[in-house]
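The lines below spell out each chain.
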Amino acid sequence: VPYDELTIFNKISNAWKMILNQGFGAFTYKISRMLLHKKQDIMRMIFSRNEGKKLRAIAKESFENGIKLPTLSMVITVMGQHDLTRFCLQKIIENQVGEIEIVIMDGKGDFEIKEGDLKSDKPLNIKIIHDKESYPAFKFWMENTTGDIMLFMHNDVIVSDYGFDTTLRYVFHKYQKVG
């Protein structure tokens, strides 16, 4: 999804509005968080430049060697924005390697997938459930999905990392305390 990069003038204007509306505390907090993230990025570039690539390679190798990884169920909450939801689903399908259970939790009750909406050469495991109460339903979803790992996300999160599912499943397999 294309977006416009903010100009320096937009950033200054936004910072000034933040100071006027929320005070200097919020502004200084935002600046300190930004500096912390910049420092972490620099440290990652110096000391662990290729850790993500290494992790993905190990996860892919584990999957290909038949190591039993936990199963994954994705619950995607939807309320309107059907084109965005189809785009989100298509990106998940394009980037998955293993089998995933995908459950669409439709809060409005009007989402449907027609024949040919999603292009895939893999078998798809997608269910659409119309549900008016999203947050109380989390317990219901935990009890009625088949995956060892539950991933709750919104339809506006776009996955563009090929093999994300095997990497995620491998991390949960290797590090038992992740949760």
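In case you missed it, the structure is sitting above this.
What you see is a predicted model, and the numbers here were worked out from it, not measured in a lab.

Participant: Whenever I open this one, the nonpolar core confuses me. Can you help?
Facilitator: Nonpolar side chains in soluble globular proteins generally cluster together in the buried interior. Grouped together as the largest cluster of nonpolar side chains are 17 residues, with contacts concentrated most on Met74, Ile76, Leu89, Ile92, Ile100, Ile102 and Ile104. Of all the elements in the fold, those that place two or more residues in this core are strand S1 (72-78), helix H4 (82-95), strand S2 (100-106) and strand S4 (149-154). Excluding its chain neighbours within four sequence positions, the residues that come into contact with Met74 are Ile92, Ile100, Glu101, Ile102, Val103, Leu151, Met153 and Phe164.

Participant: Is there a simple way to explain the pattern of salt bridges in this structure?
Facilitator: Pairing of side chains with opposite charge becomes possible as their charged atoms draw close. Tallied over the full model, the rule gives nine salt bridges. Taking the shortest distance from any N to any O, the salt bridge between Asp41 and Arg44 comes out at 3.1 Å. A residue pair is termed a helical-turn pair when its members lie 3 or 4 positions apart in one helix, as Asp41 and Arg44 do in helix H2 (residues 24-47) at three residues. The partly exposed category is assigned to Arg44, whose relative accessible area is 45%. In this structure, the salt-bridge partner of Asp83 is Arg86, at a minimum N-O distance of 3.8 Å. A residue pair is termed a helical-turn pair when its members lie 3 or 4 positions apart in one helix, as Asp83 and Arg86 do in helix H4 at three residues. For Asp83, a relative accessible area of 63% puts it in the exposed group. The structure contains a network of salt bridges with shared partners spanning Asp83, Arg86 and Asp117.

Participant: Just checking my understanding: could you explain the packing of helix H3 (residues 51-64) against helix H6 (residues 164-174) for this structure?
Facilitator: Relative placement of two packed helices is described by the angle separating their axes and the distance separating the axes. Relative orientation of the contacting elements H3 and H6 amounts to 90 degrees, with a least axis distance of 8 Å. One way to sum up the angle between H3 and H6 is to call them roughly perpendicular. Residues Leu55, Arg56, Ile58, Ala59, Ser62 and Phe63 of H3 touch H6, and the partners they reach there are Thr166, Thr167, Arg169, Tyr170 and Val171. Per-class residue counts for the contact of H3 with H6 are six nonpolar, three polar and two charged.

Participant: Is there a simple way to explain unusual backbone geometry in this structure?
Facilitator: Leave glycine aside and you will find that most residues have negative phi; peptide bonds, for their part, are mostly trans. With phi around 50 degrees, Gln81 is a residue other than glycine that occupies positive phi space. By secondary structure assignment, the location of Gln81 is in the loop between S1 and H4.

Participant: How do you make sense of the sheet that holds S4 when you look at a structure like this?
Facilitator: Backbone hydrogen bonds hold the strands of a sheet together, and the pairing may be parallel or antiparallel. Judged by pairing direction, the sheet is parallel, and its four strands sit side by side in the order S3-S2-S1-S4 without closing on themselves. The open sheet has two edge strands with one neighbour each: strand S3 (126-130) and S4. Between one strand axis and the next, the sheet turns by 20 degrees as a mean value, whatever way the strands run. Summarising the sheet, S2 and S3 pair through five bridges and their orientation is parallel. Along S3, the bridge assignment pairs Val103 with Lys127. Helix-sheet contacts for H4 involve S1, S2, S3 and S4, and the interaxial angle to S1 is about 165 degrees. Contacts from H6 reach S1, S2 and S4 within the one sheet, and its direction differs from that of S1 by about 120 degrees.

Reading guide: rules and limits
Residues numbered from 1 in each chain as written. Predicted model: local features only at pLDDT ≥ 70, side-chain atom pairs only at ≥ 80, totals over all residues. Heavy atoms only, no water. Core = buried A, V, L, I, M, F, W, Y, C linked by side-chain atoms within 4.5 Å. Buried < 20%, exposed > 50% of the residue type's maximum accessible area, 1.4 Å probe, protein only. Helix = DSSP H or I, 4+ residues; strand = E, 2+ residues; numbered from the N terminus. Contact = heavy atoms within 4.5 Å. Salt bridge = Lys/Arg side-chain N within 4 Å of Asp/Glu carboxyl O. Axes fitted to C-alpha atoms, helices over the stretch in contact; angles between N-to-C directions. Parallel < 35°, antiparallel > 145°, perpendicular 65-115°, else oblique. Nonpolar A, V, L, I, M, F, W, Y, C, P; charged D, E, K, R; others polar. Pairing = 2+ DSSP bridges.

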